[in-house]
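Close look at the chain arrangement
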Amino acid sequence: GNSVTQMEGPVTLSEEAFLTINCTYTATGYPSLFWYVQYPGEGLQLLLKATKADDKGSNKGFEATYRKETTSFHLEKGSVQVSDSAVYFCALINTGGFKTIFGAGTRLFVKA
Amino acid sequence: GAGVSQSPSNKVTEKGKDVELRCDPISGHTALYWYRQRLGQGLEFLIYFQGNSAPDKSGLPSDRFSAERTGESVSTLTIQRTQQEDSAVYLCATSRGDHNFFNYGYTFGSGTRLTVV
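Once a new chain begins, its residue numbering starts again from 1 and follows that chain's sequence as written. In the order they appear in the text, chains get letters beginning with A and ligands get numbers beginning with 1. This being a predicted model, a pLDDT of at least 70 is required before a residue's local features are given, and a value of 80 or more before pairs of side-chain atoms are given or counted; all residues contribute to the totals for chains, interfaces and linings. For side-chain calculations, the full set of non-hydrogen atoms in the structure is used, while hydrogens and water are omitted.

1. Topic: the nonpolar core
All names here are of chain A. Applicable threshold: Think of a nonpolar core as a cluster: buried Ala, Val, Leu, Ile, Met, Phe, Trp, Tyr and Cys residues, connected wherever their side-chain atoms sit within 4.5 Å. To sort residues, take the accessible area from a 1.4 Å probe on protein chains only and compare it with the maximum for the residue type: under 20% means buried, over 50% means exposed, and anything in between is partly exposed. Elements are defined by DSSP. Helices are runs of H or I of four residues or more, strands are runs of E of two residues or more, and each kind is numbered from the N terminus. Should any heavy atoms of two residues lie within 4.5 Å, those residues are counted as being in contact.
Judged by nonpolar contacts, the single largest core of 26 residues is most densely connected at Leu19, Trp35, Leu47, Leu48, Phe73, Leu75 and Tyr88. Contributing elements (two or more residues each) for this core: strand E2 (11–14), strand E3 (19–21), strand E4 (23–26), strand E5 (32–38), strand E6 (44–50), strand E8 (62–65), strand E10 (86–93) and strand E12 (106–111). The element contributing the most residues to this core is E10, with four residues. What Leu47 contacts, discounting residues up to four positions off in sequence, is Trp35, Tyr36, Val37, Asn59, Lys60, Phe62, Leu75 and Tyr88.

Shown next, in the form of structure tokens:
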């Protein structure tokens, strides 16, 4: 079956630190991969996406590269800000599917 | 509307009562999803609508849960005889069409926080 595994949180960083949140997936086909972000008290927002192998999704300084050989889609940011504090969800939709499968979420705290 | 609107934003109910949660999708978004998010946990798929038909209800946890949708518009999620384990945030998400979510992902509402006491 399809599944998404992401690193457990919380992750606590100081402002301007480098961020990596690991995400690996299992899928029978060729999924599209997504990162969603949930700020406190809000719904999820699409952060970035990649629809095929070697694609790099990017938005707001965040990046993730679709690595088929390692079935990974790790989220990175070179310099985090306090305003990046949120829960980050890795997700996939498989080819021909309609249902997004979400990881458990990783909470990020950024200290000033 | 401009975004996905969910109401109420918060609901406190007594155990055993019925509740109805509402989702107003973005105009033109034919695909609609309900997810449940328990405290500190990930998203649990409940049901998917394409238009007003529900091809996949496999995520509904029990027969106390039901959902319907009027055309390509409002959807309601009804929980009968609520239990404490139903306490969670219920999220609605919509997308532009049958396969557009593959490329564009979902737009989520802010959710309804349900507390059963």
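2. Quick notes on the interface of chain B and chain A
Accessible area lost upon the coming together of the parts is a frequently used measure of interface size. Let me state the cut-off plainly: Summed over both partners, the accessible surface that disappears when two parts come together, traced with a 1.4 Å probe, is what is meant by buried area. Take a side-chain nitrogen of Lys or Arg and a carboxyl oxygen of Asp or Glu: if they are within 4 Å of each other, that pair is a salt bridge. In protein, a polar contact means a hydrogen-donor-capable atom and an acceptor-capable atom, both N or O and within 3.5 Å, with residues adjacent in sequence counting only if both atoms are side-chain atoms; elsewhere, any N or O pair within 3.5 Å suffices.
Across the boundary between the two partners, chain B contributes 20 residues, which contact 23 residues of chain A. For the pair chain B and chain A, the summed buried surface comes to about 1700 Å²; carbon and sulfur atoms form 61% of the total. Put simply, chain B and chain A have one salt bridge between them. Between Asp56(B) and Lys99(A) there is a salt bridge, with the nearest N and O atoms lying 3.8 Å from each other. Linking chain B to chain A there are four residue pairs in polar contact (both at pLDDT 80 or more). Secondary-structure elements contributing two or more residues to the side of chain B that touches chain A are strand E4 (31–37), strand E5 (43–50) and helix H1 (101–104) of chain B.

3. Regarding the environment of Ala2(B)
Within the secondary structure, Ala2(B) sits in the segment before strand E1 (5–7). Considering only alpha carbons, one finds Ala2(B) and Lys17(B), 15 residues apart in sequence, at a separation of 32 Å.

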